[in-house]
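Close look at the chain arrangement
So the chains spell out like this:
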Amino acid sequence: MRLTAAQALMRFLSAQVVERDGESRRFFGGCFGIFGHGNVAGIGQALYERPDQLRFIPARNEQSMVHAAVGYARQLNRLGAFVCTSSIGPGATNMVTGAALATVNRLPVLLVPGDVFASRIPDPVLQQLEVPARGDVSVNDCFIPVSRYFDRIERPEQVIPAALAAMRTLTSPAETGAVTLAFPQDVQAEAFDVPDEFLEERVWHVPRQLPDAAALRAAAAAIRGARRPLVVAGGGVVYSEATEALRALCEQTGIPVGETQAGKGSLPYDHPSNLGAVGATGTFAANRIAAEADLVIGIGTRYSDFTTASKTAFRNPDVSFVNINVAELDAAKHTAIALVADARATLEQLGDALHGWSVGDEYRAECARLAGEWDDEVTRLYALDEAPLAQSAVIGAVNAAARPQDVVVCAAGSMPGDLHKLWRTRDPKGYHVEYGYSCMGYEISGGIGVKLAAPERDVYVLVGDGSYLMLPGELVTAVEQDVKLTIVLVDNRGYASIGSLSRSLGTDGFGTALNAEVDLAANAASLGAHVVRAESIAELRDALEAAKGGAGVTVIAVATDRARGVPSYESWWDVPVAEVSEAATVRAAREEYEHAKLAERRFL
Ligand SMILES: Cc1ncc(C[n+]2csc(CCOP(=O)(O)OP(=O)(O)O)c2C)c(N)n1
Ligand SMILES: [Mg+2]
């Protein structure tokens, strides 16, 4: 069949199916896009001609449309994705941040930026970068380090290998992330004879890789020999749908769990084995157990510096690691016994291998007691309700309003750390904080993606004033597409998180306050949201209740107290302090810093 390269790619993408455990679904939920001269006549034409093939959703900013695609993929445990199409030049480079976010978080998105003429005849086309020493470079080369697969489709028939490689990467649990197919604007519109088989439905099986038998035996022996083991549950537990298997293993063995940001929800918050968040934004329960753990079992975790409290969380001099991860890169971290394998399949096998073994009763009781004490602390922080409002009370009100299956979405500022500690997660897909890239501006668009993936869940977006100002424009997309969102805009007049970090480093919050009279709620209203201003917890509760029954986009604006943050609980984060300074505050902070750094480990 004779099709343009763009038509062939879009037809192919709409026919891709993903299957795991015998359940299959169409892989692409649709295509976000903004047209320009680099894609309007190619991909734009293909989508226009066959609107039934792939749902097209016009966006307002290319970065935020990638965030929406990421939100979608994460909500579906990477068994679904969106295509994002942009023009060349700024439209394309606007997607680079989104690509980095997807790749860092190991979440699939397919980016199709336009590219300059392959023929090179009109060079330089509007928005073309000219590199004196290279004819084959365009701004799209910026995608290379942030993509798990990159190709530039220089001839129409090259669509075939590029599309197949893209799908292989996107559906690979170990390799997934951003895939970029840079598509020169002339090639998009050129035709070629497309083999029928290329356009037929194609099923991509997502495997559950089993661990190496010797590594599994070694891991089981290490666990049997441990007295104070701790599971660190990361995003891989959730993506693999291993939460039930984890619960079964914890109940069988008594091993407690600390959760990373992406792994929060691995166990219900009130499970006696759940110590809550671990690391720099961890609970005292998880951090005390981590400090003395003799064996850390990392499951589906990248061990980011927040998880390890910059390698100070695990202080037992004899601590060792067992890692279960589909990615070899992660499995090998901290000189671990590496099980390069699917989390669920491995937990099931470990359950058998640990038959008859459990931790001591004293350790089990100590963990359950700490988990209970932590929950009391959450209750205390939720109950603070004097004005100006504490952020913890806002979290408490949203948590009380949300049903177990509803989803909270957040990404940057002081809110992610507070949510990590305080959100009571009751469903594995109820907590969605993007903290691999912690990208300000992710929140609203990420929320759109979540809602598109899970229309049956209500989505609560918590966004700071700083994050809101970065990318409010996608509110318009939510309004236009009638995507129901409840957005709580937490206005503390500036970058509270970085302000307190700055004060802790001796620099007095320099450059972090918002010093202009601006009305963000009015801004949200002008973009089509239904806006409510809440000045007390009672008003916030009423607004949340009213939003439940309503449709469309509700923005609830609350002013909070910048000075009243949730403390950190027996943890540390490595942020370097100036070695020399005229300020005594900086010198004091440096002294403390040098002392704290002594606790950093290498796990060799
Ligand atoms: C795109 C981007 N730029 C800068 C940062 C660094 N940063 C992290 S949090 C933050 C401030 C966030 O402000 P706000 O959304 O108001 O939340 P608050 O800290 O006040 O809770 C900044 C600047 C970032 N994470 N992302
Ligand atoms: Mg703020």
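Our subject is the structure that appears above.
Now for a look at the structure at hand. Everything quoted here is computed from the prediction, not taken from an experiment.

Concerning the overall build of the protein chain
- In terms of regular secondary structure, the protein chain is built from 24 helices and 23 strands.
- For 604 residues, the compact-globule estimate of 2.2 N^0.38 gives 25 Å, and the protein chain sits close to it at 25 Å.
- With respect to the three principal axes, the spread of C-alpha positions in the protein chain is 70 × 65 × 55 Å.
- Per-residue burial for the protein chain yields a buried fraction of 59% across its 604 residues.

A short note on helix H21 (residues 496–504)
- All of the buried residues along H21 are Ala496, Gly499 and Ser502. Buried residues of H21 fall within an arc of 120 degrees about the axis and therefore sit on the same side.
- Just beyond H21, the residue with positive phi is glycine 506, at close to 90 degrees.

Description of the site of ligand 1
- Residues in close proximity to ligand 1 total 15 residues, the closest being Ser414, Asp465, Gly466, Gly494 and Ser497.
- Backbone polar atom of glycine 466 to an oxygen atom of ligand 1: 2.8 Å apart, as the coordinates give it.
- Taken by itself ligand 1 offers 580 Å² of open surface, and the protein chains cover 77% of this.
- Of all the elements in the fold, those that place two or more residues in the shell around ligand 1 are helix H19 (465–470) and H21.
- Broken down by element, the shell around ligand 1 gets its largest block of residues, 4 residues, from H19.
- Looking at the shell around ligand 1, its residues break down into 5 nonpolar, 9 polar and 1 charged.

A word on the nonpolar core
- Core analysis: the largest hydrophobic core is formed by 85 residues, its most contacted members being Leu246, Ile297, Ile299, Phe314, Leu419, Leu540 and Leu544.
- Per-element accounting of this core gives the leading share, 8 residues, to helix H15 (residues 361–382).
- For phenylalanine 314, the residues in contact, after removing those within four places along its chain, are Leu230, Val232, Ala290, Ala291, Val296, Tyr303, Thr307, Thr308, Val319, Phe321, Arg601 and Phe603.
- Formed by 53 residues, the second largest nonpolar core is a distinct cluster that contains Tyr72, Val109, Val483 and Leu489.

Re the sheet that holds strand S22 (residues 530–534)
- Taken in spatial order, the 6 strands make up an open sheet running S19-S18-S20-S21-S23-S22, and their pairing is parallel. Lying at the two open borders of the sheet, with one neighbouring strand each, are strand S19 (431–433) and S22. Adjacent strand axes in the sheet meet at a mean angle of 20 degrees, parallel and antiparallel pairs treated alike.
- Sitting on the sheet, helix H17 (residues 415–422) touches strand S18 (407–410), S19, strand S20 (459–464) and strand S21 (485–491), and the angle it makes with S19 is about 155 degrees.

Considering the side chain of threonine 176
- By the element assignment, threonine 176 lies in the loop between helix H6 (159–170) and strand S9 (178–184).
- Leaving out residues up to four positions away in the same chain, threonine 176 has contacts with Arg78, Arg106, Leu107, Pro108, Arg148, Thr169 and Leu170.

Describing helix H5 (residues 96–104)
- Counting buried residues in H5 gives 7 out of 9 residues, a clear majority hidden from the surface.
- Among the residues of H5, those classed as buried are Val96, Gly98, Ala99, Ala100, Leu101, Ala102 and Thr103.

Some thoughts on the pattern of salt bridges
- Scanning the entire structure with this criterion turns up 35 salt bridges.
- One salt bridge in this structure joins arginine 208 and aspartate 342, with 3.0 Å as the shortest N-O distance. With arginine 208 in the loop between strand S11 (202–205) and helix H9 (213–224) and aspartate 342 in the loop between strand S17 (337–340) and helix H14 (343–353), this pair connects stretches of sequence that are 134 residues apart.
- With a shortest N-O distance of 2.8 Å, glutamate 570 and arginine 288 are connected by a salt bridge. Placement of the pair is glutamate 570 in the loop between strand S23 (553–559) and helix H24 (584–597) and arginine 288 in helix H12 (residues 284–292), with a sequence separation of 282 residues.
- Residue glutamate 570 is classed as partly exposed on the basis of its relative accessible area, which comes to 41%.
- Through salt bridges with shared partners, one network takes in Asp21, Arg208, Asp342, Arg344 and Glu348.

Some points on the coordination of the magnesium ion (ligand 2)
- Donor atoms from the polypeptide that bind the magnesium ion (ligand 2) are Asp465 (OD), Asn492 (OD1) and Gly494 (O), placed at 2.0 Å.
- Along the chain, the residues donating to the magnesium ion (ligand 2) are arranged with the sequence spacing D-x26-N-x1-G. With respect to class, asparagine 492 is no different from glycine 494; both count as buried.

A word on the packing of aromatic side chains
- Evaluation of the coordinates by the stated rule reveals 15 aromatic pairs.
- Aromatic pair phenylalanine 306 and tryptophan 573: ring centres 4.6 Å apart, planes at 50 degrees, arrangement tilted. Of this pair, phenylalanine 306 sits in the loop between strand S15 (295–299) and strand S16 (320–325) while tryptophan 573 is found in the loop between S23 and H24, placing the two residues 267 residues apart along the sequence.
- Residue tryptophan 573 is classed as partly exposed on the basis of its relative accessible area, which comes to 34%.
- Aromatic pair tryptophan 572 and tyrosine 593: ring centres 6.1 Å apart, planes at 40 degrees, arrangement tilted.

So, the sheet that holds S15
- Pairing within the open sheet is parallel, and its 6 strands lie in the order S14-S13-S12-S15-S16-S17. Each edge of the open sheet carries a strand with a single partner, namely strand S14 (274–277) and S17. For this sheet the average axis-to-axis angle between neighbouring strands, irrespective of direction, equals 20 degrees.
- Relative to S14, strand S13 (residues 257–259) is paired through 2 bridges, and the arrangement is parallel.

Describing the side chain of lysine 484
- Here lysine 484 shows up in the loop between helix H20 (474–480) and S21.
- Exposure remark for lysine 484: the relative accessible area of 16% places this residue in the buried category.
- Side-chain polar atoms of lysine 484 contact the backbone oxygen of alanine 547, separated by 3.2 Å.
- A polar contact of 2.7 Å, which involves the side chain of lysine 484, links it to the backbone oxygen of lysine 548.

Some thoughts on the packing of H9 against H14
- In the contact formed by H9 and H14, the axes pass within 10 Å of each other and the chain directions differ by 60 degrees. With respect to their mutual orientation, H9 and H14 come out oblique. In terms of crossing hand, the pair formed by H9 and H14 is right-handed. Contacts between H9 and H14 involve Leu216, Ala220, Ile223 and Arg224 from the former and Thr346, Gln349, Leu350 and Ala353 from the latter.
- When the residues that make up the contact of H9 with H14 are grouped by side-chain class, the tally is 5 nonpolar, 2 polar and 1 charged.

The rules we used
Residues numbered from 1 in each chain as written. Chains lettered and ligands numbered in written order. Predicted model: local features only at pLDDT ≥ 70, side-chain atom pairs only at ≥ 80, totals over all residues. Heavy atoms only, no water. Helix = DSSP H or I, 4+ residues; strand = E, 2+ residues; numbered from the N terminus. Rg over C-alpha atoms; globule rule 2.2 N^0.38 Å. Buried < 20%, exposed > 50% of the residue type's maximum accessible area, 1.4 Å probe, protein only. Arc of directions from axis to C-beta. Near = heavy atom within 4 Å. Polar contact = N/O pair within 3.5 Å; in protein donor to acceptor, adjacent residues only side chain to side chain. Areas by Shrake-Rupley, 256 points an atom, 1.4 Å probe, with all protein chains shown as cover. Nonpolar A, V, L, I, M, F, W, Y, C, P; charged D, E, K, R; others polar. Core = buried A, V, L, I, M, F, W, Y, C linked by side-chain atoms within 4.5 Å. Contact = heavy atoms within 4.5 Å. Pairing = 2+ DSSP bridges. Axes fitted to C-alpha atoms, helices over the stretch in contact; angles between N-to-C directions. Salt bridge = Lys/Arg side-chain N within 4 Å of Asp/Glu carboxyl O. Donors = N, O, S within 2.8 Å, 3.2 Å for Na, K, Ca; no water. Phe/Tyr/Trp six-rings, centres within 6.5 Å; stacked < 30°, edge-to-face > 60°. Parallel < 35°, antiparallel > 145°, perpendicular 65-115°, else oblique. Left-handed = near helix turned anticlockwise from the far one by under 90°.

In short, shape yes, function no, at least from these values alone.
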